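As a plain string of letters, each chain reads:
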Amino acid sequence: MGKLEGRIKGRQYNLDQLSKQLELPENPINDELRALIKDGKDVKAVKKARETLGLSLLEGKNYIDKLKFDIDNG
C-alpha cells in the first residue's frame, strides 16, 4: 500500500507541475469543495469529489487533503 501511495503522490506532483507550466484552469468543482472544507464538512467534500471526479475513496481523501493544505498554506 505504501508503494501505491508513493506512486500516486509522485503522479499528483507531476500533474500539478504540468498544470502550472501550461497555466491550465483549475477544476470548477474546487471552489465548492473549498467551501465545504471551510465549513468543516470534509466528509461531504470527499464524497462530492468522488462523485464529480470519479475518484476512489483514497484518491478523494488525498484530493481533499491537498485542497486543505493549499488553503492552510495559501
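The present account deals with the structure reproduced in this document. (Residues numbered from 1 in each chain as written. Predicted model: local features only at pLDDT ≥ 70, side-chain atom pairs only at ≥ 80, totals over all residues. Heavy atoms only, no water.)

**Quick word on the pattern of salt bridges**
What counts is decided by this rule: For salt bridges, the criterion is a side-chain nitrogen of Lys or Arg within 4 Å of an Asp or Glu carboxyl oxygen. Strands here mean DSSP runs of E at least two residues long; helices mean DSSP runs of H or I at least four residues long; both are numbered from the N terminus. Any residue under 20% of the maximum accessible area for its type is buried, any over 50% is exposed, and the rest in between are partly exposed; the area is computed with a 1.4 Å probe on protein chains only.
In the structure shown here, the tally under the stated rule is five salt bridges. The salt bridge involving Arg34 is made with Asp31; its shortest N-O contact spans 3.4 Å. Highlighted residues: Arg34 and Asp31, both in helix α2 (residues 29-38), separated by three residues, approximately one helical turn. For Arg34, a relative accessible area of 18% puts it in the buried group. Among the salt bridges present, the one from Lys66 reaches Asp70, with a minimum N-O distance of 3.1 Å. With a gap of four residues between them, Lys66 and Asp70 both fall in helix α4 (residues 57-72), about one helical turn apart. We classify Lys66 as partly exposed; its relative accessible area is 30%. Taking relative accessible area as the criterion, Asp70 reaches 32% and is therefore assigned partly exposed.

**Comments concerning α4**
What counts here: To estimate the expected span of a helix, subtract one from its residue number and multiply by 1.5 Å. By construction, the arc corresponds to the directions joining the helix axis to the C-beta atoms. For this analysis, residues touch if any pair of their heavy atoms sits within 4.5 Å.
With 16 residues, α4 should cover 22 Å at 1.5 Å per step; its first-to-last C-alpha distance of 22 Å lies within 8% of that length. Of the residues making up α4, those classed as buried are Gly60, Ile64 and Leu67. What you see down the axis of α4 is that its buried residues fit within an arc of 55°, all on one side. Turned more than 90 degrees away from the buried face of α4, the exposed residues are Phe69 and Asp72. Turning to α4, the residues buried within the fold contact α2 and α3 (42-53).

All quantities given are derived from atomic positions and should not be read as evidence of function.
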